[in-house]
Structure formats: structure tokens, C-alpha cells
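Report on the structure
Chain by chain, the residues:
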Amino acid sequence: VAEVKKIGVFDSGLGGLTVLKTLQRELPGCSFVYLGDTARTPYGSKSGSTVVRYSVECATFLARHDIDLLVVACNTASSVALEEIARVVSCPVIGTIAPAVRECLSHQEREGGLVGILGTRATIQSAAYQRAIHSANPAIALSAQPCPLFVPLVEEGITSGPIVEKIVEFYLRPLREEGVSSLILGCTHYPLLLGPIRDFMGNHIAIVECADAIAREIQSSHDIPLDRGGTSRFFVTDEVSRFNSLASTFLQGALVEAIKVDSLGS
Ligand code: DGL
């Protein structure tokens, strides 16, 4: 089992911080290098070939930081670019889809019922989740819903209140009416809207987040340092001030001083 001390994590913006926060908590001995491609967010409304190009650039940038493992903390990139990413880095790569699907299936086996999938337009159109679930069990009934307004809300720091409630209702009403029993948050931005999503859907459904599933996957397949000495560094492609303040709020007051990179240099 290879030892993992330093982990690269990237997303199109703030969403991957939902993964980073869990990894910092679960793997306190690891150090992290986070890249938010804030100049080019959102990825989810762009074409597959554009997302592949951006994702490969992000992965190449992080690979230069001596990482032992790369976490693609973006479902859009994981849906359409995982193979290309794995081709350009020499370390192991973990995306969001397989861990989240494993988590969802273990709930589904116990409870049964309809599985709802939320994601960006690109993620839902790629059908990566639908394929992964159906290759494990073709009998599972699925209902997939793109929620393109969620990412801009989160990037604006708007995560509660009447605007969010209206938009949550707009996207989720059909799933609630169909009676989904588990719901995959197939976008790493969406856990920031967990409160309003939970309030609308009710406490009886299981909500699957990618972050816990990824942490468990790393713990089970890699050797992790046991001390608590991990550090985190942050890079963004747009100006730092908004990212710093939203990121420190989200990471519960941890001081975030991101460095702006002018070119990811592919
Ligand atoms: N957070 C990302 C995802 O998981 C990307 C959102 C976006 O940039 O559209 O899909």
C-alpha cells in the first residue's frame, strides 16, 4: 500500500472545499494543495471538450507540487475527464463518481426505492452516474435532475434564504413528488445548500455526499500518516479576495491566503 502524505485537490471554484474540509478532518496527517479554477467557473455549463481541457490543465498544475494522490473534487470533471486526467499525472487519481455510487448502493440495498441524482448539466448529460449505478444494478430506478443555478448561488455566497428556497423547490419538486428515497448530491458545490435541500426533501431520505465517500476510499486503499501535522495551501486562477473570505467562512474561520496563478501552464 503506497503512503499518501500530500494530496492535490481541484474544483472549478469553491465547491471542492466541501471535499477538502472532510479530508482535512479525516486525514489530519496529510497535507493538501487545493486549486480552484475560479477564473473559469462554472464548468458544468460548458462542453465536454472544454471541461477536459481545463481539467487536464488543473491536474498538470497540481502534479507539479509533488503530490502522492490527486482528488478530482468536481463531479463535472470526474464525469467527463477522469481518463484524460489519469493519463497526464503519474500518481493515483480519485474522482467523485465511483465513491458516491458505492455509498448510494449500500443505502439502496438496505432501503430500496427510487434514486435521485442532482448535478450540473454536463454531469447529468454525461450520464456517468446513471451508467455507474446501472452497471452495478440495472434494476434500480433513477431520476436525474440538472440544477444549473445552484453553482452560481454558492459562488456568490448565497446559501440560504428565500431565493435559495425558491430555486431548490423549482428543481427538487419533481423528485419529491416521485418519492425518491436516496439523493446523490452529484456536485461538490451542493453540500453548501444541504440545509435548504434537506428542509425541502424531508428527513426520511438518505442524502449522499461525495466527500465522506472519498475520505473512506482513501483510508481503505492507502497508507496515511498518523500524526496531525498536515497543512493546506490554496491556489486560484482569479483574484483572491472573494475566494479567501468565502473559503475561510466555509472552513470555519481557518485563515485562507490563496495565491493567484496567472497561467496553469499546460
Ligand atoms: N463543483 C463542480 C461539480 O462538482 C463544478 C461545478 C461547476 O463548475 O459547474 O460538478
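Refer to the preceding data block for the structure.
Overview of the structure. (Residues numbered from 1 in each chain as written. Predicted model: local features only at pLDDT ≥ 70, side-chain atom pairs only at ≥ 80, totals over all residues. Heavy atoms only, no water.)

Between side chains of opposite charge, a pair can form as their charged atoms come close. Following the criterion strictly, the structure yields ten salt bridges and no others. In the salt-bridge network here, residues are joined through shared partners; they are Arg25, Glu26 and Asp212. (Salt bridge = Lys/Arg side-chain N within 4 Å of Asp/Glu carboxyl O.)

On to the sheet that holds strand S3 (residues 69-72). Read from one edge of the open sheet, six strands run S4-S3-S1-S2-S9-S10, paired in parallel fashion. Edge positions in the open sheet fall to strand S4 (93-94) and strand S10 (259-260), since each of these has one partner strand only. The pairing of strand S2 (residues 31-36) with strand S9 (residues 232-236) spans five bridges and is parallel. Its bridge partner lying in S9, Gly36 is registered against Val236. Packed on one face of the sheet, helix H3 (residues 75-88) meets strand S1 (6-11), S3 and S4 and runs near 155° to S3. Packed on one face of the sheet, helix H11 (residues 240-250) meets S2, S9 and S10 and runs near 140° to S9. (Pairing = 2+ DSSP bridges. Helix = DSSP H or I, 4+ residues; strand = E, 2+ residues; numbered from the N terminus. Contact = heavy atoms within 4.5 Å. Axes fitted to C-alpha atoms, helices over the stretch in contact; angles between N-to-C directions.)

Turning to the site of the ligand, a few remarks are in order. Taken together, the neighbourhood of the ligand is formed by 14 residues, with Ser12, Tyr43, Asn75, Thr76 and His189 sitting nearest. One of the side-chain N or O atoms of Asp11 is found 3.0 Å from a nitrogen atom in the ligand. His189 places a side-chain nitrogen or oxygen 2.6 Å from a nitrogen atom of the ligand. Out of a free accessible area of 300 Å², the ligand has 99% covered by protein chains. Class assignment for the residues of the shell around the ligand results in five nonpolar, eight polar and one charged. (Near = heavy atom within 4 Å. Polar contact = N/O pair within 3.5 Å; in protein donor to acceptor, adjacent residues only side chain to side chain. Areas by Shrake-Rupley, 256 points an atom, 1.4 Å probe, with all protein chains shown as cover. Nonpolar A, V, L, I, M, F, W, Y, C, P; charged D, E, K, R; others polar.)

The next point concerns the pairing of S1. With five of six residues buried, S1 lies mostly within the body of the structure. Strand direction decides the pairing type here: S1 and S2, joined by six bridges, are parallel. If you follow Ile7 over to S2, its bridge partner there is Phe32. Handedness of the S1-helix H1 (residues 17-26)-S2 crossover: right-handed. With four bridges connecting them, S1 and S3 associate as parallel partners. Note that in S3 the partner of Gly8 across the bridge is Leu70. (Buried < 20%, exposed > 50% of the residue type's maximum accessible area, 1.4 Å probe, protein only. Right-handed = clockwise from strand over helix to strand, strands pointing away.)

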